[in-house]
Amino acid sequence: MNNWFKVGKIVNTHGIKGEVRIISTTDFADERYEVGNKLYLFQEKQTEPVEVVVATHRKHKNFDLVSFEGYPNVNDVEKFKNSMVKVSEDQLSELEDGEFYFHEIIGCIVKTEEGQELGKIKEILVPGANDVWVVKGKDGKEILIPYIDAVVQEIDVENKEIIITVMEGLLD
């Protein structure tokens, strides 16, 4: 039984040469869409994923534009719209110390250095300079935590716990 990890979602086709538009949710988009890599498309109402091999990849606005070997035409990829793009667990590479996959961070409980529990990380935003962790607070409000050394003090993925330093304005 394979564990699958989400790379993104195909939201549309692009042009006539078989490219698809993917909104990526992966932490390593350039690595995932490297030419020759295998991806798996999970389509609605299909029990088995479709294995595809990346033929081309480029960035366009907020999308990753990807084409697959053997699917050279827009008509070939039309059926892939709304498919979830995933990789299997054995495709994940070892990370350096201090690096984490999104799935290891999402679901962690965030606490202050004083031990106050703020909530659980529900998603990770990648706006540019640094990632931003979205924490669903105990009161239901969202808290945005910048993933920077000045804020994030300790990450314990085994126990799903993260310790942060509260900077001025962080919890306002």
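Structure report, in brief. (Residues numbered from 1 in each chain as written. Predicted model: local features only at pLDDT ≥ 70, side-chain atom pairs only at ≥ 80, totals over all residues. Heavy atoms only, no water.)

## Considering the overall build of the chain
Okay, so step 1: Counting its secondary structure elements, the chain contains three helices and twelve strands.
Okay, so step 2: Principal-axis analysis of the C-alpha atoms gives the chain an extent of 55 × 35 × 30 Å.
Okay, so step 3: Buried positions account for 34% of the 172 residues belonging to the chain.
Okay, so step 4: Within the chain, residue pairs in contact and separated by at least 24 positions form 48% of the contacts whose partners lie at least 6 positions apart.
Okay, so step 5: As presented, the chain carries roughly 10400 Å² of accessible surface, and 45% of it is formed by carbon and sulfur atoms.
Okay, so step 6: In the chain, which carries 20 positive and 33 negative side-chain charges, the distance between the mean positions of the two groups comes to 11 Å. (Helix = DSSP H or I, 4+ residues; strand = E, 2+ residues; numbered from the N terminus. Buried < 20%, exposed > 50% of the residue type's maximum accessible area, 1.4 Å probe, protein only. Contact = heavy atoms within 4.5 Å. Areas by Shrake-Rupley, 256 points an atom, 1.4 Å probe, with all protein chains shown as cover. Lys, Arg positive; Asp, Glu negative; His and termini not counted. Charge placed at Lys NZ, Arg CZ, Asp CG, Glu CD.)

## Side note on the pattern of salt bridges
Okay, so step 1: All told, the structure shown has eight salt bridges when counted by the stated rule.
Okay, so step 2: Across the pair Lys 81 and Glu 78 runs a salt bridge, and its minimum N-O distance is 2.8 Å.
Okay, so step 3: Taking relative accessible area as the criterion, Glu 78 reaches 37% and is therefore assigned partly exposed. (Salt bridge = Lys/Arg side-chain N within 4 Å of Asp/Glu carboxyl O.)

## Comments concerning the sheet that holds strand E12 (residues 161-164)
What holds strands together in a sheet is hydrogen bonding between their backbones, with the strands either parallel or antiparallel.
Okay, so step 1: On the basis of which strands lie adjacent, the open sheet formed by six strands has the order E10-E9-E8-E7-E12-E11 and mixed pairing. The open sheet has two edge strands, strand E10 (142-146) and strand E11 (152-156), and neither has a second partner. The mean inter-strand angle of the sheet, taken between neighbouring strand axes irrespective of direction, is 35 degrees.
Okay, so step 2: In this structure, strand E9 (residues 132-137) lies alongside E10, joined through five bridges in antiparallel fashion. What sits directly across from Val 132, in E10, is Pro 146. (Pairing = 2+ DSSP bridges. Axes fitted to C-alpha atoms, helices over the stretch in contact; angles between N-to-C directions.)

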